[in-house]
Amino acid sequence: MTSGLDNTDILILKALQEDASLTNRQLAAKVHLSPTPVYERVKRLKEEGYIKGICAILDVEKLNCAFVAFCYLKMKQHSFDNATKIMAAVQQMDEVGECYNISGEYDFLMKVYVASMKEYQQFVLRILGELDCIGGLNSCFVMGEVKSSHSVPIAAHRLG
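Predicted model, so just to flag it, every value in this text is computed and none were measured.

**Student:** Mind showing me how you'd approach unusual backbone geometry here?
**Tutor:** With the exception of glycine, the majority of residues adopt a negative phi angle, and the majority of peptide bonds are in the trans configuration. Phi at His32 takes a positive value of approximately 60°, unusual for a residue other than glycine. Mapping His32 onto the fold places it in the loop between α2 (24-31) and α3 (35-47). Relative accessible area serves as the criterion here: at 70%, His32 is assigned to the exposed category. Unusually for a residue other than glycine, Asn64 sits at a positive phi of about 55°. Judged by relative accessible area, which is 52%, Asn64 ranks as exposed.

Shown next as structure tokens:
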């Protein structure tokens, strides 16, 4: 919900999405305010949950985890216990960068980062294979990245 945001808040959020390493002074210059009000606004945006965290975007090639797979999981049986087991297990899997509970033929979609097909095979057999609540799995592999953005579309017309 963006009803509590004004145009300056939106400018701040857009600037931080582009470069979260901006100093408070640099951010203030970008939004044409002095540093103190910008600091207070950023603090409020964090407290109100508009800014959930600040992180670095890492190079998967340099970190040897550029083999990316999308893994669709189906529960053996739809139950609260099975869903809870899968969600808890995924939280412990370092290879999983993102996981969504989805609608359709499958119940979960995971984005998995590993070094190779062999490592993905080991992930499927040794880690996912241990979860007795999984009834099916389908994988597809990234051949090339077309767009990778961690930005959320923010627009003044969405206010209210």
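**Student:** Explanation requested: the pattern of salt bridges in the structure shown.
**Tutor:** One pass over the structure, following the stated rule, counts five salt bridges. For Glu48, the salt bridge goes to Arg44, with nearest N and O atoms at 3.3 Å. Residue class for Glu48 comes out partly exposed when judged on its relative accessible area of 46%. In this structure, the salt-bridge partner of Lys74 is Glu105, at a minimum N-O distance of 3.8 Å.

**Student:** What am I meant to see in the sheet that holds strand β1 (residues 67-75) here?
**Tutor:** Adjacent strands of a sheet pair through backbone hydrogen bonds, lying either parallel or antiparallel. Ordered by their spatial adjacency, four strands build an open sheet running β2-β3-β1-β4, and the pairing between neighbours is antiparallel. With partners counted over all chains shown, the strands left at the sheet margins are β2 (96-101) and β4 (134-141), one partner each. In this sheet, adjacent strand axes meet at a mean angle of 20° when their direction is disregarded. Relative to strand β3 (residues 108-114), β2 runs antiparallel, the two sharing five bridges. Across the sheet, Val96 pairs through a bridge with Val112, a residue of β3. Across the sheet, helix α5 (residues 117-127) is in contact with β1, β2, β3 and β4; its angle to β3 comes to roughly 135°.

**Student:** Please clarify how the packing of aromatic side chains should be interpreted in this entry.
**Tutor:** By the definition in use, this model includes four aromatic pairs. When the ring of Tyr72 is compared with that of Tyr106, the centres are 5.6 Å apart and the planes differ by 50°; the resulting orientation is tilted. Placement of the pair is Tyr72 in strand β1 and Tyr106 in the loop between β2 and β3, with a sequence separation of 34 residues. Tyr72 gets classed as partly exposed once you look at its relative accessible area, which sits at 27%. Here a set of aromatic residues connected by ring pairs shows up, and it is made of Phe67, Tyr120, Phe123 and Phe141.

Thresholds, definitions, all that
- Residues numbered from 1 in each chain as written.
- Predicted model: local features only at pLDDT ≥ 70, side-chain atom pairs only at ≥ 80, totals over all residues.
- Heavy atoms only, no water.
- Helix = DSSP H or I, 4+ residues; strand = E, 2+ residues; numbered from the N terminus.
- Buried < 20%, exposed > 50% of the residue type's maximum accessible area, 1.4 Å probe, protein only.
- Salt bridge = Lys/Arg side-chain N within 4 Å of Asp/Glu carboxyl O.
- Pairing = 2+ DSSP bridges.
- Axes fitted to C-alpha atoms, helices over the stretch in contact; angles between N-to-C directions.
- Contact = heavy atoms within 4.5 Å.
- Phe/Tyr/Trp six-rings, centres within 6.5 Å; stacked < 30°, edge-to-face > 60°.

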